[in-house]
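As a plain string of letters, each chain reads:
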Amino acid sequence: MRIDVVSIFPSYFDGLTLSLLGRARENGLLDLHVHDLRDWTSDRHRTVDDTPYGGGAGMVMKPEPWGLALDELAGSSRPTIIFPSPAGEVFRQSTAREFAEHDHLIIGCGRYEGIDERVFEYAATLGEVRLVSLGDYVLNGGEVAAMAMIEAIGRLVPGVVGNPESLVEESHEDGLLEYGSYTKPSTWRDREVPGVLLSGNHAAIAAWRREQQIERTRARRPDLLSD
Ligand code: 6GU
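Everything quoted here is computed from the prediction, not taken from an experiment.

K.L.:
Mind showing me how you'd approach the nonpolar core here?
P.N.:
One recurring pattern in soluble globular proteins is that nonpolar side chains are buried together. Ile3, Val5, Phe91, Ile107, Ile150 and Ile153 are the most contacted members of the largest nonpolar core, which has 29 residues in total. For this core, the secondary-structure elements that each account for two or more residues are β1 (2–7), α1 (19–26), α3 (93–100), β6 (104–108) and α5 (143–154). The leading source of residues in this core is α5, at six residues. Non-local contacts of phenylalanine 91, meaning those with residues more than four positions away in its chain, are made with Ala96, Phe99, Val132, Ser133, Leu134, Met149, Ala152 and Ile153. The next biggest cluster of nonpolar side chains, apart from the first, holds 19 residues, and it includes Val6, Trp40, Trp66 and Ile81.

Here it is in structure tokens:
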């Protein structure tokens with residue numbers, strides 16, 4: 001999978017060289033390229049923003065640098081072009097699974113009050129456009145959201161996570177929160193590990209874990225059970 005990220009703060013993404021995704025990049029499983037939007041400006045100040053038509057607070061990202069960046073990065077690959085935005089559809093595990101199937105993603109990170117709306121229309125002529133939000137709160141720009149999405153997508157690319165079994169028993173993979181985990185010692189500060197986990201009875205353990213998943217989902221995320 002190839003991922004191109006466009007941002008005015010490319011160094012945000014330095015952290016993606018660490019750990020799991022860093023290894024995936026070294027192994028060639030994940031071909032991640034981070035670009036500075038200002039590389040597609042031509043004025044002396046490398047300007048990427050301007051005042052909004054119609055007035056209002058803040059600045060809007062100009063369309064021209066985005067147009068040139070998308071032309072160059074899309075080529076003829078018909079990429080999926082993701083714009084992190086609090087006004088987008090909510091990013092879920094199912095969204096991560098869907099994007100992990102694609103072989104070219106472009107992630108365009110906006111700052112200020114947003115990107116000129118015509119950029120989204122133009123991008124749709126180059127590939128599939130998706131505006132995607134992490135949830136109902138506001139970040140200053142798309143960078144942190146893009147990193148979260150890259151990590152969620154990247155770990156689903158075959159080979160990135162060594163043991164594929166560890167992908168299935170996770171919160172959200174089956175629509176429920178994950179069960180609680182325990183390790184040695186079996187007694188710690190007067191607290192016991194639930195006895196069933198020491199029983200060796202695999203059917204009883206599976207049933208207990210499923211019950212835990214349902215109970216904590218009901219307590220913490222009842223919305224997951226109702227829809
Ligand atoms: Cl994707 N972008 C911004 N700026 N804020 C957000 C978000 C994205 N998701 C939640 N809040």
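Once you've had a look at it, read on.
K.L.:
Sorry if this is basic, but what is going on with the pattern of salt bridges here?
P.N.:
Where charged atoms from two side chains of opposite charge approach closely, those side chains can pair. Enumeration according to the criterion identifies 14 salt bridges in this entry. Note that arginine 97 is salt-bridged to glutamate 173, the shortest N-O span being 2.5 Å. Placement of arginine 97 in helix α3 and of glutamate 173 in the loop between α6 (165–168) and β8 (187–188) is noted, with a sequence separation of 76 residues between them. We classify arginine 97 as partly exposed; its relative accessible area is 34%. Salt-bridge contacts for arginine 130 lead to glutamate 98; the nearest nitrogen and oxygen are separated by 2.8 Å. Of this pair, arginine 130 sits in strand β7 (residues 128–133) while glutamate 98 sits in helix α3; the two residues are 32 residues apart in sequence, bridging distant segments of the chain. On the basis of relative accessibility, which here comes to 12%, the residue arginine 130 falls in the buried class. The class for glutamate 98 is partly exposed, based on a relative accessible area of 32%.

Criteria and thresholds
- Residues numbered from 1 in each chain as written.
- Predicted model: local features only at pLDDT ≥ 70, side-chain atom pairs only at ≥ 80, totals over all residues.
- Heavy atoms only, no water.
- Core = buried A, V, L, I, M, F, W, Y, C linked by side-chain atoms within 4.5 Å.
- Buried < 20%, exposed > 50% of the residue type's maximum accessible area, 1.4 Å probe, protein only.
- Helix = DSSP H or I, 4+ residues; strand = E, 2+ residues; numbered from the N terminus.
- Contact = heavy atoms within 4.5 Å.
- Salt bridge = Lys/Arg side-chain N within 4 Å of Asp/Glu carboxyl O.

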